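Understanding the architecture of this molecule
If you want the building blocks of each chain, they are given just below.
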Amino acid sequence: MLDRIVEYDHELFLFLNNLGSEGWDGFWLIITNKFTSVPLYLVLLFFCVKKLGWRMTLLVLAATGLMIAFTDQVANVFKYGFERLRPCHDPLLQGKMRIVKCGGKFGYFSAHAGSTFAVATFFSLLLGRYYRSLTAILVLWALVVSYSRIYLGVHFPTDVLTGMVVGVSAGFLFLVLLRWTSKKVFKSMEKPSAR
C-alpha cells in the first residue's frame, strides 16, 4: 500500500514539475523566497494594529514568531526522522524531472508549506471577520508558495500536503494559545477597582 502511494506521489510530482518552463523559473524562485512575503506580513501587521491595538499586536507578533519556529522545528524532526530524499536528490528521478533549485538532502515535509499555512490559518481566524477577502487571499498565497516547492523540484506533493496539515494545525493551536495568553496578560494588567 505504501509503495503504491509513493508511486502515485512520484507520478504526480513528475507531471506537475514538468509543466514548468525556463521562462517561468525566475518567477517561481521569487515566489519561494521568504523575503517576497515581507510586504504581506507588513499588511497583516497594519491590520492587527488597526483592529486589535498595539498591546494585542505585540502578543500576536510573539505568537507568530513562536508558531513559525515551532513549524520549522517539527519539519526538521520529520526530515531527519524519516530521511526521505528530496526529488532533486532521488536517483530514481534523475533525468525525468526539471531541477530549478535543490536544497538539503531530505525533504519530508515542506517547511514552506507548513509555515505559510500556519500563518494563513492563524491570521484568517484572527482577522477574517474584519476583512472579508483576507482568508481567500491568504489561502491563495499559501497554495502558490506551496506549489512553488514542487515546481522547483525540492518537494513531492505528499511533502507539501503534510506541510499544509501541520501548518493548519499549528495555526489553530497558536490562535488558541494567543487567546488564552491574552486573557491572562490583560487580566493581570487591570487595576483593581476602587471601593
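Up top you'll find the structure we're talking about.
An account of the accompanying structure is given in this report. No experiment lies behind these values; they were computed from the predicted model shown. (Residues numbered from 1 in each chain as written. Predicted model: local features only at pLDDT ≥ 70, side-chain atom pairs only at ≥ 80, totals over all residues. Heavy atoms only, no water.)

1. Details of a nonpolar patch on the surface
Where nonpolar side chains cluster on the molecular surface, the patch consists of Met 1, Leu 2, Ile 5 and Val 6 and spans about 440 Å² of accessible area. With respect to the element layout, Ile 5 can be found in helix α1 (residues 2–17). Exposure remark for Ile 5: the relative accessible area of 40% places this residue in the partly exposed category. (Patch = residues over 30% accessible without salt bridge, like charges linked within 9 Å, V, L, I, M, F, W, Y side chains within 5 Å. Areas by Shrake-Rupley, 256 points an atom, 1.4 Å probe, with all protein chains shown as cover. Salt bridge = Lys/Arg side-chain N within 4 Å of Asp/Glu carboxyl O. Helix = DSSP H or I, 4+ residues; strand = E, 2+ residues; numbered from the N terminus. Buried < 20%, exposed > 50% of the residue type's maximum accessible area, 1.4 Å probe, protein only.)

2. Points about the packing of helix α3 (residues 38–82) against helix α5 (residues 134–152)
One way to put it is that α3 packs onto α5 with a least axis distance of 13 Å and a crossing angle of 155°. When the axes of α3 and α5 are compared, the pair comes out roughly antiparallel. Note that α3 runs across α5; the crossing there is left-handed. Each of Leu 40, Tyr 41, Leu 44 and Phe 47 in α3 lies in contact with α5, whose residues at this interface are Leu 134, Leu 138 and Trp 141. Broken down by class, the residue content of the contact of α3 with α5 amounts to 7 nonpolar, no polar and no charged. (Axes fitted to C-alpha atoms, helices over the stretch in contact; angles between N-to-C directions. Parallel < 35°, antiparallel > 145°, perpendicular 65-115°, else oblique. Left-handed = near helix turned anticlockwise from the far one by under 90°. Contact = heavy atoms within 4.5 Å. Nonpolar A, V, L, I, M, F, W, Y, C, P; charged D, E, K, R; others polar.)

3. Remarks on the state of the cysteines
Two cysteines form a disulfide when their sulfur atoms are joined by a covalent bond. Per the stated rule, a full pass over the model turns up 1 disulfide. Put simply, Cys 88 and Cys 102 are joined by a disulfide, and their sulfur atoms are 2.1 Å apart. Linking Cys 88 and Cys 102, the disulfide has an S-S dihedral of approximately 80° and is accordingly described as right-handed. Of the two residues, Cys 88 is situated in the loop between α3 and α4 (111–127) and Cys 102 in the loop between α3 and α4; the sequence distance between them amounts to 14 residues. Classification of Cys 88 by relative accessible area gives buried; the value is 7%. (Disulfide = S-S within 2.5 Å.)

4. So, α5
Helix length check: α5, at 19 residues, gives a terminal C-alpha distance of 27 Å against a target of 27 Å (1.5 Å per residue), a fit within 8%. Within α5, burial applies to Leu 134, Leu 138, Trp 141, Ala 142, Val 145, Ser 146, Ser 148, Arg 149, Ile 150, Tyr 151 and Leu 152. (Expected span 1.5 Å × (residues − 1).)

5. Observations regarding the packing of aromatic side chains
Tallying each qualifying case throughout the model produces 17 aromatic pairs. When the ring of Phe 70 is compared with that of Phe 174, the centres are 5.6 Å apart and the planes differ by 55°; the resulting orientation is tilted. Placement of Phe 70 in helix α3 and of Phe 174 in helix α6 (residues 157–189) is noted, with a sequence separation of 104 residues between them. Overall, the relative accessible area of 36% leaves Phe 70 in the partly exposed class. A ring pair is formed by Phe 78 and Phe 109, whose centres lie 5.1 Å apart and whose planes are at 80°; its orientation type is edge-to-face. Note that Phe 78 is positioned in helix α3 and Phe 109 in the loop between α3 and α4, a separation of 31 residues in sequence. Grouped by ring-pair contacts, the aromatic residues Trp 24, Phe 27, Trp 28, Tyr 147 and Tyr 151 constitute a single cluster. (Phe/Tyr/Trp six-rings, centres within 6.5 Å; stacked < 30°, edge-to-face > 60°.)

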